[in-house]
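# Structural overview for review
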Amino acid sequence: MTEPHVRPMQLDDAAGVARLCLPLGVTVTAAELRRRLAALQGAASQGLFVAEAGEGVIGWMHVQERPSLLTAASAELTAIAVDERARQRGVGRRLVHAAEAWARARDCAYLVLRSGASRTGAHGFYAALGYARTSSSYKFEKPLG
């Protein structure tokens, strides 16, 4: 197995990224993902990265700059996924470190991430990286269509 490395996401990565959305409970086609990626790629406030090894895309993450009037500038790690077969190889750690470096380069004071209550394995992973649970909240959503 090749050593995994992290690089900026490209349009050609869409199929691999779409495949890794399924375990997150998100079904998206590669074509739709390419369209979304194309819309986000040029925005300086968006960081999109993949982890790859000899077997192709084995992880990905999306981090966003979150300027705020209320708090110091921050970034949010809005999504991260690692192929089940690639876990315990440092892939997630490399992706989180890339998100942190990206946020630091934009003078963000901290990096925020959210994790579903049922994802206890992920909670332990984040805690091991130095993240602390700071709140418990509800998510409210309203379709605008």
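Residues numbered from 1 in each chain as written. Predicted model: local features only at pLDDT ≥ 70, side-chain atom pairs only at ≥ 80, totals over all residues. Heavy atoms only, no water.

Our next topic: the side chain of Gln64. Along the chain, Gln64 falls in strand 3 (residues 56–66). Overall, the relative accessible area of 19% leaves Gln64 in the buried class. One polar contact links Gln64 to Gln46, side chain to side chain, over a distance of 3.1 Å. Apart from the residues within four sequence positions on either side, Gln64 is in contact with Ser45, Gln46, Ser74, Ala75, Glu76, Thr78 and Trp102. (Helix = DSSP H or I, 4+ residues; strand = E, 2+ residues; numbered from the N terminus. Buried < 20%, exposed > 50% of the residue type's maximum accessible area, 1.4 Å probe, protein only. Polar contact = N/O pair within 3.5 Å; in protein donor to acceptor, adjacent residues only side chain to side chain. Contact = heavy atoms within 4.5 Å.)

What follows covers the sheet that holds strand 2 (residues 46–53). Pairing in this open sheet of 5 strands is mixed, and the strands run 1-2-3-4-5 from one edge to the other. The sheet terminates laterally at strand 1 (5–8) and strand 5 (110–113), the two strands that pair on one side only. Taken over all neighbouring pairs, the strand axes of this sheet differ in orientation by 30 degrees on average, direction set aside. Where strand 4 (residues 74–82) meets strand 5, 4 bridges bridge the pair, whose relative direction is parallel. Bridge assignment links Glu76 to a residue of strand 5, and that residue is Val112. (Pairing = 2+ DSSP bridges. Axes fitted to C-alpha atoms, helices over the stretch in contact; angles between N-to-C directions.)

Among the nonpolar cores identified, the biggest contains 25 residues, and Met61, Val63 and Leu77 are the most heavily contacted of them. Elements represented by at least two residues in this core include exactly strand 2, strand 3, strand 4, helix 3 (91–105), strand 5 and helix 4 (120–128). Sorting elements by how many residues they give to this core places helix 3 first, with 7 residues. Filtering out sequence-adjacent residues up to four positions away, Val63 remains in contact with Ser45, Gln46, Gly47, Phe49, Ala75, Glu76, Leu77, Thr78, Ala99, Trp102 and Leu111. Residues Ala18, Leu37, Leu48 and Ala81 belong to the second largest nonpolar core, which totals 15 residues. (Core = buried A, V, L, I, M, F, W, Y, C linked by side-chain atoms within 4.5 Å.)

In the predicted model, the protein chain carries a mean pLDDT of 90, and the fraction of residues at 70 or more is 99%. Model confidence for the protein chain, summarised as mean pLDDT per element, is weakest for helix 4 at 79 and strongest for strand 2 at 96. (pLDDT = per-residue confidence, 0-100.)

Let us now look at the pattern of salt bridges. Two side chains with opposite charge may pair up if their charged atoms get near one another. Inspection of every chain in the model, using the stated rule, returns 10 salt bridges. Here Arg35 ties to Glu32 by a salt bridge, and the two come within 2.5 Å at their closest N and O atoms. One end of the pair is Arg35 and the other is Glu32, both in helix 2 (residues 30–41) and 3 residues apart, which spans about a single turn. Residue class for Glu32 comes out partly exposed when judged on its relative accessible area of 23%. Residues Arg66 and Glu76 are paired through a salt bridge, measuring 2.7 Å at the closest nitrogen-oxygen approach. (Salt bridge = Lys/Arg side-chain N within 4 Å of Asp/Glu carboxyl O.)

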